[in-house]
Amino acid sequence: TSGRYSKFKLAVAFAKNSGVGRIFNDLTQFTNNGGSTEAIIGIDQSVTSYQALVNLKSFAGDKLFIHKDKNPYITFHPKLYLFGNRDIEKVIIGSSNLTAGGFYLNFEANVGITLDNSRAARDFKHQVNAYWDNLLSDVNTKSAGESLLKQLLEHCHPPPHLQKLCVTLQWLPCSGRSFDRVCLW
């Protein structure tokens, strides 16, 4: 635990190792002290890195999820950070992804809300929990098990002149073969 919180949840559109690296030592200490991490990471628009997913997996374990909408015009785009113990106690909502730009370099706006036991805070906690549950149960949210992460890496066929790791990945069962092209580096 952090001394104050024992649970950390995040749902972000993008994660790069530059952002995970900025909190790596804190997450290591948090995990070593018994804290649990749960993450839902978007992999749209060629931003999320494979390294970030692997490093987050070391903290979140089987509570790491990847979101990729089958519709190319829809982007998974939340920036939600939740802290708590038995219940959510602090919520940060804003524009910061889990990237160096989101944490340190860009002009971002975030609101941190510490929740008490008032009626308004309980209602807000209920709304946040319902939103989280909806994200987890969405058909486009997949558990980032070892086999999925391995598949993301093994199906890489980038053009030699690009420094991006591109993978072809089937997300939803369908009558034909429907693949989305996703760049993770």
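Keep in mind that what you see is a predicted model, and the values were worked out from it rather than measured. Residue numbers here run from 1 along each chain, matching the order of that chain's written sequence. Given that this is a predicted model, residues contribute local features only at a pLDDT of at least 70 and side-chain atom pairs are listed and counted only at 80 or more, while totals for whole chains, interfaces and linings are drawn from all residues. Here the side-chain values reflect all heavy atoms present in the structure, with hydrogen atoms and water set aside.

Check the secondary structure of the chain and you find 5 helices and 9 strands. Taking as baseline every contact in the chain between residues at least 6 positions apart, the subset at least 24 positions apart corresponds to 67%. When the accessible surface of the chain is summed, it comes to about 10,100 Å², and 52% of that surface belongs to carbon and sulfur atoms. By the criteria applied, helices consist of DSSP H or I runs no shorter than four residues and strands consist of E runs no shorter than two, each listed in order from the N terminus. Any two residues having at least one pair of non-hydrogen atoms within 4.5 Å are treated as being in contact. Only the protein chains shown count as cover for residues, and the accessible areas themselves come from Shrake-Rupley with a 1.4 Å probe.

Where charged atoms from two side chains of opposite charge approach closely, those side chains can pair. In the sections that follow, a salt bridge refers to a side-chain nitrogen of Lys or Arg positioned within 4 Å of a carboxyl oxygen of Asp or Glu. Applying the stated rule across the entire model yields 3 salt bridges. Two residues, Arg119 and Asp123, come together in a salt bridge whose shortest N-O distance is 3.8 Å. With Arg119 and Asp123 both in helix H4 (residues 119-137) and 4 residues apart, this pair spans about one turn of that helix. For every residue, the accessible area obtained with a 1.4 Å probe (protein chains only) is divided by the maximum for its type, and the residue is called buried under 20%, exposed over 50%, and partly exposed between those limits. Residue classification places Asp123 among the partly exposed positions, given a relative accessible area of 35%.

Moving on, we come to the environment of Ile41. Among the secondary structure elements, Ile41 is positioned in strand E2 (residues 36-42). The residues contacting Ile41, other than those within four sequence positions of it, are Leu10, Val12, Ala15, Thr48, Leu53, Leu56, Leu64, Phe65, Ile66, His67 and Phe76.

This next bit is on the packing of aromatic side chains. Two aromatic rings from Phe, Tyr or Trp, using only the six-membered ring of Trp, form a pair when their centres are within 6.5 Å; if the ring planes differ by under 30 degrees the pair is stacked, by over 60 it is edge-to-face, and anything between is tilted. As enumerated under the stated definition, the model contains 5 aromatic pairs in all. Residues Tyr81 and Phe103 carry aromatic rings whose centres are separated by 6.4 Å and whose planes lie at 50° to one another, so their mutual orientation is tilted. With a gap of 22 residues between them, Tyr81 in strand E4 (residues 79-84) and Phe103 in helix H3 (residues 100-105) connect regions that are remote in the sequence. Classification of Tyr81 as buried rests on a relative accessible area of 6%.

We now examine the side chain of Ser96. Looking at where Ser96 falls in the secondary structure, it is placed in the loop between strand E5 (88-94) and H3. Ignoring anything within four residues of it in the chain, the contact list for Ser96 reads Val12, Lys79, Tyr81, Gly102, Glu108 and Asn110.

On to the sheet that holds strand E3 (residues 64-67), then. Pairing between strands is defined by DSSP: at least two bridges between the two strands are required. Spatially, the 7 strands line up as an open sheet ordered E6-E5-E4-E1-E2-E3-E7, and their pairing is mixed. Every other strand in the sheet has two partners, leaving strand E6 (110-114) and strand E7 (141-143) as the edge strands with one partner each. Along the sheet, successive strands turn relative to each other by an average axial angle of 15°, direction set aside. Relative to E3, E2 runs parallel, the two being bridged by 4 bridges. The residue bridging Gly42 from the neighbouring strand is His67, located in E3. Note on definitions: angles span 0 to 180 degrees between N-to-C directions of axes, and those axes are lines fitted to C-alpha atoms, for helices only across the stretch in contact. Sitting on the sheet, helix H2 (residues 50-60) touches E2 and E3, and the angle it makes with E3 is about 140°.

This brings us to the packing of helix H1 (residues 17-32) against H2. At a closest axis distance of 10 Å, the pairing of H1 and H2 adopts a crossing angle of 10°. Considering the angle they form, H1 stands roughly parallel to H2. In this structure, H1 contributes Asn17, Val20, Phe24, Leu27, Thr28 and Thr31 to the contact, and H2 contributes Gln51, Ala52, Asn55, Leu56 and Phe59. Considered class by class, the residues forming the contact of H1 with H2 number 6 nonpolar, 5 polar and no charged. Each angle receives one of four descriptions, namely roughly parallel if under 35 degrees, roughly antiparallel if over 145, roughly perpendicular if within 65 to 115, and oblique otherwise. Residue classes follow a fixed rule: Ala, Val, Leu, Ile, Met, Phe, Trp, Tyr, Cys and Pro count as nonpolar, while Asp, Glu, Lys and Arg count as charged, and any other residue, Gly among them, counts as polar.

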